[in-house]
Amino acid sequence: MTFSLKRALAIFHKDYKDLSKNMYVSFTAVIPLFMALLYGSQGELTIEMQYIVINMTLSLVAAFIQCSLIAEEKEKNTLRGLMLSPASTVEILAGKGMLTFLTTIFIIVISCFLIDYKPESLAVIAVAIALSTVFYIGLGTFLGLITRSVMEASVVIMPFFFLFTFGSYGAMLAERFPIFKAAEYMPNTQLVELAGAVQLGAGFADIWSHLFVIIIWIAAVFVLAYRIFKKRMMD
Amino acid sequence: MEKIIEVKSLAKLFGNQRALEDVSFEVSKGEVFGFLGPSGSGKTTTIKILTAQLTQTDGDALVFGHPAAQLKHPMNRKKIGILTDNSGLYERLSIFDNLKLYCGLYDVSLSRIEEVLEMVNLKAESKKIVSKLSKGMLQRVTLARAFLHKPELLFLDEPTSSLDPVNSRHIYRGLQELKDNGTTIFLTTHDMNEAELLCDRVAFLHNGTIQLIGPPKELRKRYADNTLTVELTDGTTEVIAKGEAGAEKLYRFMSENKVVSVNTNEPTLGDIFVEITGRKLS
């Protein structure tokens, strides 16, 4: 498998110029900042409440924007142009994910200031949030590839937005309703649990199982996205 | 002569519907090969198989001596350029920025953008946003994009369908230039004048099968009806058959100084298509 950073960067530069002129996407990216402002003004927040803002940024910026970008490429038939170029599947997916990744991290950093979130171990949280961002980008890519238009994508993503923003509360009901036990293994729940442990002084050695679960989610969603992408290359 | 495309007994089924059946042809290096046929005859399906966007149901499709499916490899993608009927452009970006992306993807110098825009008569418009362009201008930008990286093989699906004669001439000049530089061109078109002007050989496709194949001049000769039209000084025209009787008649007109012009009655490619398929091309 070949990987050309030059080709991936060409797609990244194009997306950067295109995104700056895309009002729909720019507006969506700002919503988590309003939420952070609102939550931040409520005084001291629990780690669960702080992570509602962070998980919302992940699902709204990383997943939703990525989903819209891919769906628009399909709708306007520009994805076909990329597929017929020398860019490989990995280069296209990396190029298309780079801007979403940087935008998500930027908004999460600002949100953390607004909600006054100070992790006890910045390194652990940085790795966990970076991995989570990659997962949500994969989810957005997969959903963007299975939808036909931006409009359809914005409907399809909604259940995932609620599931991955508020789904971690489902884990609290696991004792009464065993089906909610599955929520414990969702990437957003893993992130909240990991962050809670970090605030109690946990390091990498203590939270590796949470990172491992997130990595399994990443692998699963990218295998799906890769397979769908390969299918879309053929009419 | 090196074969760039070799298609043998190609067939494609969509469900129960047969789109291509027993299609065979070859395209040599540097040749402009015209694929002519009405909508739905299988032209675009053939291009999609040859560019690895579709897989055939049966038969062989070789490009540069390898199965067309291998064109997915980045090195092979660099050898081909494609203009299809639905080549998307980024609407919020300028013409220049659209082509800049492809310079990055094909590892081409940015100075090439000016050259290709000159070829399609859009040099002065490079900063224009794509959403503000007319249909004809969009077509010219997608064409510029198709030959931005100087491909060895160019697939053009109806390249001048939205263009006026002036801009079509720009494209013909550009294609002639590419041909002179050794580019092989696989062209589908409805325009018979375009086919006559550009193509070294043409194939008529109808209902998924090739009906006729050969150089345009040869086909016109083959289907000529062996008559001459003579325009006379009194404003009338006479159609005379070639042969002894016709020669005597023509001699008589000429000796009486009645002849204004003499024309052979060769059919156009469009006439030939109607004759062999019973339907018009467009």
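The structure this text deals with has already been given above.
Remember, it's a predicted structure, so these values are computed and weren't measured experimentally.

Asks: Can you help me understand the overall build of chain A in this one?
Replies: The number of helices and strands found in chain A is nine helices and zero strands. Starting at the N terminus, the α and β elements of chain A follow one another as α-α-α-α-α-α-α-α-α. Taken over C-alpha atoms, the radius of gyration comes to 18 Å for chain A, in line with the 18 Å a tight globule of 235 residues would show. Counting only C-alpha atoms and orienting by the principal axes, one finds that chain A spans roughly 50 × 35 × 30 Å. The burial tally for chain A puts 54% of its 235 residues in the buried class. Of the roughly 10,800 Å² that chain A leaves accessible, carbon and sulfur atoms contribute 72%.

Asks: Would you explain the overall build of chain B in this entry?
Replies: Counting its secondary structure elements, chain B contains 10 helices and 13 strands. Structurally, chain B occupies a C-alpha span of about 70 × 45 × 35 Å along its principal axes. Residues counted as buried form 50% of the 282 residues belonging to chain B. Total accessible area on chain B is roughly 13,200 Å²; 47% of this is exposed by carbon and sulfur atoms.

Asks: What should I look at first to understand the pattern of salt bridges in this one?
Replies: Pairing between side chains of opposite charge can happen when the charged atoms of each approach one another. Considering all chains together, one arrives at 26 salt bridges over all chains under this definition. Residues B:Lys123 and B:Glu114 are paired through a salt bridge, measuring 3.5 Å at the closest nitrogen-oxygen approach.

Asks: What's the story with the environment of A:Leu143 in this structure? I'm lost.
Replies: Residues and elements named next belong to chain A. Checked against the element boundaries, Leu-143 lands in helix α6 (residues 122–146). On the accessibility criterion, Leu-143 (1% relative accessible area) is buried. Sequence-distant contacts of Leu-143, defined by excluding residues within four places in its chain, comprise Cys-67, Val-156, Ile-157 and Phe-160.

Asks: So what exactly am I meant to see when it comes to the environment of A:Pro119 here?
Replies: All names here are of chain A. Mapped onto the elements of the fold, Pro-119 is located in the loop between α5 (89–114) and α6. A C-alpha to C-alpha distance of 31 Å links Pro-119 and Phe-142, two positions 23 residues apart in sequence. Setting aside residues up to four positions removed in sequence, Pro-119 forms contacts with Ile-125 and Gln-199.

Asks: Is there a simple way to explain the interface of chain B and chain A in this structure?
Replies: In this complex, chain B contributes 27 residues to the contact, which on the side of chain A involves 26 residues. Across the chain B/chain A interface, buried area totals approximately 2,600 Å², and carbon plus sulfur atoms make up 57% of it. Sorting the residues of chain B by area buried against chain A places B:Tyr90, B:Arg92 and B:Leu105 first, and these three jointly supply 28% of that buried surface. The interface formed by chain B and chain A contains five salt bridges. Applying the counting criterion to the chain B and chain A interface returns eight residue pairs in polar contact (both at pLDDT 80 or more). Broken down by secondary-structure element, the contributors of at least two residues to the side of chain B that touches chain A are α2 (74–77) and α3 (95–106) of chain B.

Asks: Explanation requested: a nonpolar patch on the surface in the structure shown.
Replies: All names here are of chain A. Judged by side-chain polarity, Met-49, Met-158, Phe-162, Phe-166, Tyr-169, Met-172, Leu-173, Phe-177, Ile-179 and Phe-180 come together as a nonpolar surface patch covering roughly 930 Å² of accessible area. The element contributing the most residues to the nonpolar patch is helix α7 (residues 150–166), with three residues. Secondary-structure assignment places Met-49 in helix α3 (residues 47–75).

Asks: What should I look at first to understand the sheet that holds strand β12 (residues 237–241) of chain B in this one?
Replies: Hydrogen bonds between backbone groups are what pair the strands of a sheet, and the pairing can be parallel or antiparallel. All names here are of chain B. Strand order in the open sheet made by the three strands is β12-β11-β13, with antiparallel pairing throughout. Edge positions in the open sheet fall to β12 and β13 (259–264), since each of these has one partner strand only. Within this sheet the neighbouring strands show an average axis-to-axis angle of 25°, counted without direction. Examined bridge by bridge, strand β11 (residues 227–232) and β12 share five bridges and lie antiparallel to one another. Note on β12: the bridge partner recorded for Leu-228 is Ile-240.

Asks: Mind showing me how you'd approach helix α2 (residues 23–40) of chain A here?
Replies: Because the α-helix completes a turn every 3.6 residues, residues three or four places apart line up on one side. Residues and elements named next belong to chain A. If you check α2, its first and last C-alpha atoms are 26 Å apart, about what 18 residues at 1.5 Å a residue would give, namely 26 Å. Taken as a whole, α2 has its buried residues at Val-25, Thr-28, Ala-29, Pro-32, Ala-36 and Tyr-39. Against the buried residues of α2 lie α1 (5–20), α3 and α5. At the N-terminal end of α2, a side-chain oxygen is found 3.3 Å from the backbone nitrogen of Tyr-24, two or three residues along, and the residue is Asn-22.

Asks: Which parts of the structure should I look at to understand unusual backbone geometry?
Replies: Apart from glycine, the bulk of residues carry a negative phi angle, and the bulk of peptide bonds sit in the trans form. All names here are of chain B. In this model, Ser-9 sits at a positive phi of 50°, which is unusual for a non-glycine residue. Structurally, Ser-9 can be placed in strand β1 (residues 3–14). Note on Ser-9: relative accessible area 39%, which makes it partly exposed. We note that Lys-150 has phi near 45°; this positive angle belongs to a residue other than glycine.

Reading guide: rules and limits
Residues numbered from 1 in each chain as written. Chains lettered and ligands numbered in written order. Predicted model: local features only at pLDDT ≥ 70, side-chain atom pairs only at ≥ 80, totals over all residues. Heavy atoms only, no water. Helix = DSSP H or I, 4+ residues; strand = E, 2+ residues; numbered from the N terminus. Rg over C-alpha atoms; globule rule 2.2 N^0.38 Å. Buried < 20%, exposed > 50% of the residue type's maximum accessible area, 1.4 Å probe, protein only. Areas by Shrake-Rupley, 256 points an atom, 1.4 Å probe, with all protein chains shown as cover. Salt bridge = Lys/Arg side-chain N within 4 Å of Asp/Glu carboxyl O. Contact = heavy atoms within 4.5 Å. Buried area = accessible area lost by both parts, 1.4 Å probe. Polar contact = N/O pair within 3.5 Å; in protein donor to acceptor, adjacent residues only side chain to side chain. Patch = residues over 30% accessible without salt bridge, like charges linked within 9 Å, V, L, I, M, F, W, Y side chains within 5 Å. Pairing = 2+ DSSP bridges. Axes fitted to C-alpha atoms, helices over the stretch in contact; angles between N-to-C directions. Expected span 1.5 Å × (residues − 1).

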